[in-house]
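Below are the chains, spelled out letter by letter.
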Amino acid sequence: QVQLVESGGGLVQAGDSLRLSCAASGRTASTYTMAWFRQAPGKEREQVAGITWNSDSLYYADSVKGRFTISRDNAKTTVYLQMNSLKPEDTAVYYCAAKASGTLSYQYWGQGTQVTVSS
């Protein structure tokens, strides 16, 4: 079992930055592929970024490339999402997720943290 707790959300203005953190607990958390998803009101959940356990493969949605950076600290079993140049359309609940390597679907989810970007 892996437990995920997100933090770092808030209300910012367009152009500002935020850093989200996801603390993972569980014996094998450092070996899991991690990701950030988001869901805006009335929209489907979408994957924003992903990172393998050793950081050798990264994924970004086209909408955030060049603005968001995912990273992880396996010693702290924490994953970060640095979000720069935020736009109103980035407003959503952001979720951290984890899956075992080789698994198709994300198995574990955090409770979510709200990010609101005002224009």
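Summarised in this report is the structure supplied together with it. If you're wondering where the values come from, they're calculated on a predicted model, not measured in any experiment.

This next bit is on the overall build of the protein. What the protein contains, in helices and strands, is 0 helices and 11 strands. Its C-alpha radius of gyration of 13 Å places the protein within 12% of the 14 Å reference for a compact globule of 119 residues. Dimensions of the protein, computed from the C-alpha atoms along their principal axes, are close to 40 × 25 × 25 Å. Taking all 119 residues of the protein together, the buried fraction comes to 43%. Considering only contacts in the protein between residues 6 or more positions apart, those separated by 24 or more positions represent 53%. For the protein, the exposed area adds up to about 6,200 Å²; of that, 48% sits on carbon and sulfur atoms. Mean positive and mean negative side-chain charge positions of the protein (11 and 9 charges, respectively) differ by 5 Å.

Attention now goes to the nonpolar core. Across soluble globular proteins, nonpolar side chains show a tendency to be buried alongside one another. Residues L4, M34, W36, L81, M83 and Y94 are the most contacted members of the largest nonpolar core, which totals 31 residues. At the level of elements, strand 3 (18-25), strand 4 (33-39), strand 5 (46-51), strand 7 (68-73), strand 8 (78-83), strand 9 (92-99) and strand 11 (113-118) are the ones that each hand at least two residues to this core.

Overall, the coordinates contain 4 aromatic pairs when judged by the stated rule. Aromatic pair F37 and Y106: ring centres 5.4 Å apart, planes at 80 degrees, arrangement edge-to-face. Note that F37 is positioned in strand 4 and Y106 in the loop between strand 9 and strand 10 (108-109), a separation of 69 residues in sequence. According to the relative accessible area criterion, F37 is buried, its value standing at 10%. Taking the ring centre of F37 as reference, the NZ or CZ of R45 above it sits at 5.8 Å. R45 extends its terminal NZ or CZ atom over the ring of W109, reaching a point 3.9 Å from the ring centre.

As for its placement among the helices and strands, N84 is situated in the loop between strand 8 and strand 9. Measuring from C-alpha to C-alpha, the distance between N84 and N54 comes to 24 Å, with 30 residues separating the pair along the chain. Ignoring anything within four residues of it in the chain, the contact list for N84 reads D16, S17, R67 and F68. Within the structure, N84 has its side chain in polar contact with the side chain of S17 (distance 2.9 Å).

By definition, a disulfide is the covalent link that joins the sulfur atoms of two cysteine residues. One pass over the full model with this rule turns up 1 disulfide. A sulfur-sulfur separation of 2.1 Å characterises the disulfide bridge that pairs C22 with C96. Across the S-S bond linking C22 and C96, the dihedral sits near -80 degrees, which makes this disulfide left-handed. A residue pair is termed long-range when its members are at least 10 positions apart, and C22 in strand 3 and C96 in strand 9 qualify at 74 residues. Since its relative accessible area comes to 0%, C22 is described here as buried.

Cut-off values and rules
- Residues numbered from 1 in each chain as written.
- Predicted model: local features only at pLDDT ≥ 70, side-chain atom pairs only at ≥ 80, totals over all residues.
- Heavy atoms only, no water.
- Helix = DSSP H or I, 4+ residues; strand = E, 2+ residues; numbered from the N terminus.
- Rg over C-alpha atoms; globule rule 2.2 N^0.38 Å.
- Buried < 20%, exposed > 50% of the residue type's maximum accessible area, 1.4 Å probe, protein only.
- Contact = heavy atoms within 4.5 Å.
- Areas by Shrake-Rupley, 256 points an atom, 1.4 Å probe, with all protein chains shown as cover.
- Lys, Arg positive; Asp, Glu negative; His and termini not counted.
- Charge placed at Lys NZ, Arg CZ, Asp CG, Glu CD.
- Core = buried A, V, L, I, M, F, W, Y, C linked by side-chain atoms within 4.5 Å.
- Phe/Tyr/Trp six-rings, centres within 6.5 Å; stacked < 30°, edge-to-face > 60°.
- Lys NZ or Arg CZ within 6 Å of the ring centre and 35° of its normal.
- Polar contact = N/O pair within 3.5 Å; in protein donor to acceptor, adjacent residues only side chain to side chain.
- Disulfide = S-S within 2.5 Å.

Note that every value here comes from positions in space, so none of it alone points to a role or purpose.
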